[in-house]
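These are the residues of each chain, in order.
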Amino acid sequence: MTIEDLKDFVALYQTRNVSDAAVELLMTQSALSKRIHAMEDELTTKLISTKNKRHLVITESGEVFLGMLKQF
C-alpha cells in the first residue's frame, strides 16, 4: 500500500462517490475501484460497501482505518 493509495481512500471517503473522487484524483473510476479493492485485499477487510449502486457507504472497518490515518 502506498501513500497514493491512502490519499485515494481519503478522497473517496470525503466525496462518498467513486466518480467524483476519480475526477478529483485525475484517474478513471475503474482505476480507483481497483486501487480500493487492492487495499481491501491487503487489509483483508471491506472499506466500502457498494450494495446500493447509487449510495456508497463507508464500512465500520473503513471508519476505523480512516481514524488510524488521521493519527499520522
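Shown above is the structure to which this text applies.
Computed from a prediction, not measured in an experiment: that's the story for all the values here.

Parameters at a glance
- Position numbers for residues start from 1 in each chain and track the written sequence from start to end.
- Predicted model: local features are reported for residues with pLDDT of at least 70 only, side-chain atom pairs are reported and counted for 80 or more only, and whole-chain, interface and lining totals are derived from all residues.
- Only hydrogens and water are set aside; all other atoms, that is, all heavy atoms of the structure, feed into the side-chain values.
- Numbered from the N terminus, helices here are DSSP runs of H or I no shorter than four residues, and strands are runs of E no shorter than two.
- Restricting the calculation to C-alpha atoms gives the radius of gyration, and the globule rule supplies 2.2 Å times the number of residues raised to the power 0.38.
- Type-normalised accessible area, obtained with a 1.4 Å probe on protein chains alone, sets the label of each residue: buried when under 20%, exposed when over 50%, and partly exposed for intermediate values.
- Any two residues having at least one pair of non-hydrogen atoms within 4.5 Å are treated as being in contact.
- Only four residue types enter the tally: Lys and Arg on the positive side, Asp and Glu on the negative side; His and the chain ends are excluded.
- All charge positions are set by atom: Lys at NZ, Arg at CZ, Asp at CG, Glu at CD.
- Salt bridges, as used here, are contacts in which a Lys or Arg side-chain nitrogen is within 4 Å of a carboxyl oxygen on Asp or Glu.
- By nonpolar core is meant a set of buried Ala, Val, Leu, Ile, Met, Phe, Trp, Tyr and Cys residues that side-chain atoms within 4.5 Å join together.
- Each axis is a line fitted through C-alpha atoms, and for a helix only the stretch in contact is used; angles between axes span 0 to 180 degrees, taken between their N-to-C directions.
- Throughout, the term roughly parallel applies to angles under 35 degrees, roughly antiparallel to angles over 145, roughly perpendicular to angles from 65 to 115, and oblique to all others.
- Just so you know the grouping, Ala, Val, Leu, Ile, Met, Phe, Trp, Tyr, Cys and Pro go in nonpolar, Asp, Glu, Lys and Arg go in charged, and all remaining residues, Gly too, go in polar.

A.B. asks: It is not clear to me how the overall build of the chain should be interpreted in this structure. Could you clarify?
C.D. replies: Looking only at helices and strands, the chain has four helices and two strands in total. The secondary structure elements of the chain, listed N-terminal to C-terminal, are α-α-α-β-β-α. For a compact globule of 72 residues, the expected C-alpha radius of gyration is about 11 Å, and the chain comes in at 11 Å, within 12% of that figure. C-alpha atoms of the chain, sized along the principal axes, occupy 25 × 25 × 20 Å. The buried share of the chain, reckoned over its 72 residues, is 28%. Partitioning the contacts of the chain with sequence separation of at least 6, the portion at a separation of at least 24 is 42%. When the 9 basic and 10 acidic side-chain charges of the chain are each reduced to a single mean position, those positions are 6 Å apart.

A.B. asks: When you look at the pattern of salt bridges in this model, what are you seeing that I'm missing?
C.D. replies: Opposite charge on two side chains permits pairing when their charged atoms draw close. Evaluation of the coordinates by the stated rule reveals five salt bridges. Linking K7 and E4 is a salt bridge whose minimum nitrogen-to-oxygen distance equals 3.8 Å. Placement of the pair is K7 and E4 together in helix α1 (residues 3-15), with a separation of three residues, close to one helical turn. For K7, a relative accessible area of 46% puts it in the partly exposed group. For D8, the salt bridge is made with R35, and the minimal N-O distance between the two is 2.4 Å. A residue pair is termed long-range when its members are at least 10 positions apart, and D8 in helix α1 and R35 in helix α3 (residues 29-43) qualify at 27 residues. Taking the relative accessible area as the measure of exposure, R35 reaches 29% and is therefore partly exposed.

A.B. asks: Sorry if this is basic, but what is going on with the nonpolar core here?
C.D. replies: Nonpolar side chains tend to gather and get buried jointly when the protein is soluble and globular. Formed by 15 residues in total, the largest nonpolar core has its most connected members in F9, L12, I36, M39, L47 and I48. The dominant element in this core, judged by the number of residues it contributes, is α1, at four residues.

A.B. asks: Before we go on, may I ask you to explain the environment of E60 in this structure?
C.D. replies: Looking at the secondary structure, you find E60 in helix α4 (residues 60-70). Residues E60 and V10, spaced 50 residues apart in sequence, show a C-alpha to C-alpha distance of 15 Å.

A.B. asks: Just to check I follow, could you spell out the packing of α1 against α3 for this structure?
C.D. replies: For any two helices packed against each other, the geometry is given by the interaxial angle and the distance between the axes. At their nearest, the axes of α1 and α3 sit 10 Å apart, and the two run at 110° to each other. Between α1 and α3, the angle falls in the class roughly perpendicular. For the pair formed by α1 and α3, the contact residues are E4, D5, L6, D8, F9 and L12 on the first element and L32, R35, I36 and M39 on the second. Grouping the constituent residues of the contact of α1 with α3 by class yields six nonpolar, no polar and four charged.

Function cannot be inferred from these measures alone, as they are strictly geometric.
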